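Here's the letter readout for the chains.
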Amino acid sequence: MPKIKKKQEVLTSEENENLIKRMNRILGQVQGVKKMIEDERNCMGILSQITAIKSALDGVAMIVLEKEAERCFQSAMEKSQTKEMAFKEFITMIRKYTQ
């Protein structure tokens, strides 16, 4: 029987709640942009809001990446992996995000 991977907790419940609040705000912004497009609002205003959304998503991504870095390096220490292996794992995660 194959092993079932245990869910890794990267974020505390407070951090998770904070990210959910951020994502809810972003969702509201996206819905606002949709309404702006439906209402045929000014393109500059729409682009400005899209830029704000992208910035907000980047903020969420940075928090997740920071937590993943902590997890990678903590895991490496617990498993006696080399720092080089943990670093490579983290770089792989960054590359996935930036593609």
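Model, not experiment: these values are computed from the prediction.

What counts and what doesn't
- Residues numbered from 1 in each chain as written.
- Predicted model: local features only at pLDDT ≥ 70, side-chain atom pairs only at ≥ 80, totals over all residues.
- Heavy atoms only, no water.
- Helix = DSSP H or I, 4+ residues; strand = E, 2+ residues; numbered from the N terminus.
- Buried < 20%, exposed > 50% of the residue type's maximum accessible area, 1.4 Å probe, protein only.
- Contact = heavy atoms within 4.5 Å.
- Areas by Shrake-Rupley, 256 points an atom, 1.4 Å probe, with all protein chains shown as cover.
- Salt bridge = Lys/Arg side-chain N within 4 Å of Asp/Glu carboxyl O.
- Core = buried A, V, L, I, M, F, W, Y, C linked by side-chain atoms within 4.5 Å.
- Expected span 1.5 Å × (residues − 1).
- pLDDT = per-residue confidence, 0-100.
- Patch = residues over 30% accessible without salt bridge, like charges linked within 9 Å, V, L, I, M, F, W, Y side chains within 5 Å.

J.: Would you mind showing me how to read the overall build of the chain here?
T.: Check the secondary structure of the chain and you find three helices and zero strands. The helix and strand sequence of the chain, counted from the amino end, reads α-α-α. The buried share of the chain, reckoned over its 99 residues, is 18%. In the chain, once contacts between residues fewer than 6 apart in sequence are set aside, the share between residues at least 24 apart is 50%. For the chain, the exposed area adds up to about 8300 Å²; of that, 57% sits on carbon and sulfur atoms.

J.: Any chance you could explain the pattern of salt bridges here in plain terms?
T.: Oppositely charged side chains can pair when the atoms bearing their charge come close. Enumeration over the complete set of coordinates arrives at five salt bridges. Of the charged contacts in the structure, one is a salt bridge between Glu38 and Lys34, with a shortest N-O distance of 3.4 Å. Taken together, the residues Glu38 and Lys34, both in helix 1 (residues 13–38) and four residues apart, mark about one turn of the helix. Each of the two residues, Glu38 as well as Lys34, counts as exposed. Connected through salt bridges with shared partners, the residues Glu15, Lys67 and Glu70 form a single ionic network.

J.: Just to check I follow, could you spell out the nonpolar core for this structure?
T.: The biggest cluster of nonpolar side chains holds seven residues, and these are Leu19, Ile26, Val33, Met36, Ile46, Ile53 and Val60. Listed by contribution, the elements that provide at least two residues to this core are helix 1 and helix 2 (43–78). The leading source of residues in this core is helix 1, at four residues. The contact partners of Val60, leaving out residues within four places of it in the chain, are Leu19, Arg22, Met23 and Ile26.

J.: Help me understand unusual backbone geometry in this model?
T.: If a residue is not glycine, its phi is most likely negative; likewise, a peptide bond is most likely trans. Its identity as a non-glycine residue notwithstanding, Glu40 has a phi of 55°, on the positive side. In this fold, Glu40 is placed in the loop between helix 1 and helix 2. Here Glu40 falls in the exposed class, since its relative accessible area comes to 72%.

J.: What is the right way to read helix 1 from this model?
T.: Residue pairs spaced three or four apart in an α-helix point in one direction, given the helix's 3.6 residues per turn. The end-to-end C-alpha distance of helix 1 is 37 Å, a good match for the 38 Å that 26 residues give at a rise of 1.5 Å each. Of all the residues in helix 1, the buried ones are Leu19, Ile26, Val33 and Met36. Just downstream of helix 1, Glu40 is the residue with a positive phi angle, here 55°.

J.: Would you explain the confidence of the model for the chain in this entry?
T.: Parts of the prediction with low pLDDT should not have their coordinates interpreted in detail. In the predicted model, the chain carries a mean pLDDT of 84, and 85% of its residues have values of at least 70. Averaged over each element, pLDDT in the chain is lowest for helix 3 (residues 83–98) (79) and highest for helix 1 (96).

J.: When you look at a nonpolar patch on the surface in this model, what are you seeing that I'm missing?
T.: There is a patch of nonpolar side chains on the surface, built from Met44, Leu47 and Ile50 and spanning about 300 Å² of accessible area. Examined against the element boundaries, Leu47 turns out to sit in helix 2.

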